[in-house]
Amino acid sequence: MSDHSEAPVMPVEAYEPPYYAAVFTTVRTQDQSGFSETNARMEDLVKDISGFLGMDHAQTPGGLGITVAYFRDADALTEWRSNAEHRAAQTRGRAEWYESYTLHVAKVERSHGFVRAVPQSPTAG
């Protein structure tokens, strides 16, 4: 969700299922006053949820944003959904920052990943 340009780009790792994915797809308004600060606060806050596994985010050039947050279990997802600061940010988002959004919550039943091996440099000798 925030710009971590100095960090390597990596998707959230594949965890052992089952776990949950909350897929938040948005189109934002022109006025984004205060969005970055609130977004950064939400990123910090969700990390305190026991059972939060990570988050992926993508933004298309046309303005469609997709954030996928992963949670170990339904209790962790419920804790995040019920968080008072998160609820206040949701209210402000509907009032100011989003033209539209959808939220899909899914139970992940299969998960795997791939990381290309880094070639080793020849040993001098």
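Residues numbered from 1 in each chain as written. Predicted model: local features only at pLDDT ≥ 70, side-chain atom pairs only at ≥ 80, totals over all residues. Heavy atoms only, no water.

**A few points about the environment of Ala-22**
- With respect to the helices and strands, the residue Ala-22 is situated in strand E1 (residues 19-28).
- We classify Ala-22 as buried; its relative accessible area is 11%.
- Beyond its immediate chain neighbours, meaning those up to four positions away, Ala-22 contacts Thr-67, Val-68, Ala-69, Phe-71, Leu-77, Leu-103, His-104 and Val-105. (Helix = DSSP H or I, 4+ residues; strand = E, 2+ residues; numbered from the N terminus. Buried < 20%, exposed > 50% of the residue type's maximum accessible area, 1.4 Å probe, protein only. Contact = heavy atoms within 4.5 Å.)

**With respect to the nonpolar core**
- Ala-22, Met-42, Leu-45, Val-46, Ile-49, Phe-52, Ala-69, Phe-71, Ala-76, Leu-77, Trp-80 and Ala-89 form the largest nonpolar core, which has 12 residues in total.
- Of all the secondary structure elements, the ones that give two or more residues to this core are helix H1 (35-46), strand E3 (64-71) and helix H2 (74-82).
- Ignoring any residue separated from it by four or fewer positions in sequence, one finds Phe-71 in contact with Tyr-19, Tyr-20, Ala-22, Val-46, Gly-51, Phe-52, Leu-53, Ala-76, Leu-77 and Trp-80.
- The next biggest cluster of nonpolar side chains, apart from the first, holds seven residues, and it includes Val-12, Val-68, Tyr-70 and Val-108. (Core = buried A, V, L, I, M, F, W, Y, C linked by side-chain atoms within 4.5 Å.)

**Notes on the pattern of salt bridges**
- Counted by the stated rule, this structure contains two salt bridges.
- The closest approach of N and O atoms between Arg-92 and Glu-96, which form a salt bridge, is 3.1 Å. With Arg-92 and Glu-96 both in helix H3 (residues 84-97) and four residues apart, this pair spans about one turn of that helix. (Salt bridge = Lys/Arg side-chain N within 4 Å of Asp/Glu carboxyl O.)

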